[in-house]
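If you want the building blocks of each chain, they are given just below.
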Amino acid sequence: MGSTTVTQNPVVWIETGALLAALVLIPFYMGLIHVDPLGAMAYALVGGLLMAVGEELQFRFTLHGITLADIVLWAASIAGVGGVIYVLALIFI
């Protein structure tokens, strides 16, 4: 049995794909189709909630440890990075 590296673990690539979709691809598409800024903010809040739930289930297999701070952190990450991508898509497309 040989040891596997981090990049050979499929969970790493699934998580990377989810982050790429949540932070870049979906906000770009939202800017491409000119979604209302209120809709983009709602996406950030719902995305923050779902990313916090996913993180909790990935490491603890229970939903008892989700805190408001986790949700706010994920929502701020999506709004920050995704907001820049959203605005760039609005400007350049």
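Within every chain, residues take consecutive numbers counted from 1 along the sequence as written. At least 70 in pLDDT is required for a residue's local features to be given in this predicted model, at least 80 for side-chain atom pairs to be given and counted, and no such filter applies to totals for whole chains, interfaces and linings, which use all residues. As a rule here, side-chain values cover all heavy atoms of the structure and leave hydrogens and water aside.

Draft legend 1. Quick peek at the overall build of the protein. Each helix is a run of H or I in the DSSP string that is no shorter than four residues. Each strand is a run of E no shorter than two, and both are numbered from the N terminus. Regarding its fold elements, the protein presents three helices and zero strands. Computation of the radius of gyration draws on C-alpha atoms alone. For the globule rule, the value is 2.2 Å times the number of residues to the power 0.38. Relative to the compact-globule value of 12 Å for 93 residues, the protein shows a C-alpha radius of gyration of 15 Å, a clear excess of over 25%. Counting only C-alpha atoms, the protein reaches 50 × 30 × 15 Å along its principal axes. Using a 1.4 Å probe on the protein chains alone, a residue whose accessible area is under 20% of its type maximum counts as buried, one over 50% counts as exposed, and one in between counts as partly exposed. Here the protein holds 93 residues, and 22% of them are scored as buried. Taking the contacts inside the protein whose residues are at least 6 apart along the sequence as the reference set, 61% of them involve residues at least 24 apart. Accessible area for the protein stands at about 6400 Å²; split by element, carbon and sulfur atoms hold 77% of it. Note on definitions: a residue-residue contact is assigned when non-hydrogen atoms from the two residues lie within 4.5 Å. Accessible surface is estimated by sampling points in the Shrake-Rupley manner with a 1.4 Å probe; for residues, cover comes only from the protein chains shown.

Draft legend 2. Highlighting the pattern of salt bridges. Between Lys or Arg on one side and Asp or Glu on the other, a salt bridge is scored when a side-chain nitrogen of the former is within 4 Å of a carboxyl oxygen of the latter. A full pass over the atoms with the stated rule returns one salt bridge. In this structure, Glu56 and Arg60 form a salt bridge, with 2.9 Å as the shortest nitrogen-oxygen distance. A residue is classified by how much of its surface remains accessible, and Glu56, at 3% relative accessible area, is buried.

Draft legend 3. Quick look at the packing of helix α1 (residues 10-32) against helix α2 (residues 37-59). At a minimum axis separation of 11 Å, α1 and α2 run at an interaxial angle of 175°. Considered as vectors, α1 and α2 are oriented roughly antiparallel to each other. In this structure, α1 contributes Val11, Glu15, Leu19, Ala21, Ala22, Ile26, Pro27 and Met30 to the contact, and α2 contributes Gly39, Ala40, Tyr43, Met51 and Gln58. When the residues that make up the contact of α1 with α2 are grouped by side-chain class, the tally is ten nonpolar, two polar and one charged. Helix axes are fitted only over the stretch in contact, all axes being lines through C-alpha atoms; the angle between N-to-C directions runs from 0 to 180 degrees. Angles are sorted into four bins: roughly parallel if under 35 degrees, roughly antiparallel if over 145, roughly perpendicular if 65 to 115, and oblique for all others. Classification convention: Asp, Glu, Lys, Arg as charged; Ala, Val, Leu, Ile, Met, Phe, Trp, Tyr, Cys, Pro as nonpolar; all other residues, Gly among them, as polar.

Draft legend 4. Local environment of the environment of Asn9. Its location among the elements puts Asn9 in the segment before α1. For Asn9, a relative accessible area of 35% puts it in the partly exposed group. Each C-alpha atom, one on Asn9 and one on Gly65, is 25 Å from the other, the two residues being 56 residues apart in sequence.

Draft legend 5. Structural context of the environment of Gly47. Mapping Gly47 onto the fold places it in helix α2. For Gly47, a relative accessible area of 11% translates into the label buried. Separated by 30 residues in the primary sequence, Gly47 and Ser77 have C-alpha atoms spaced 9.8 Å apart.

Spatial relationships are all this shows, so hold off on functional conclusions.
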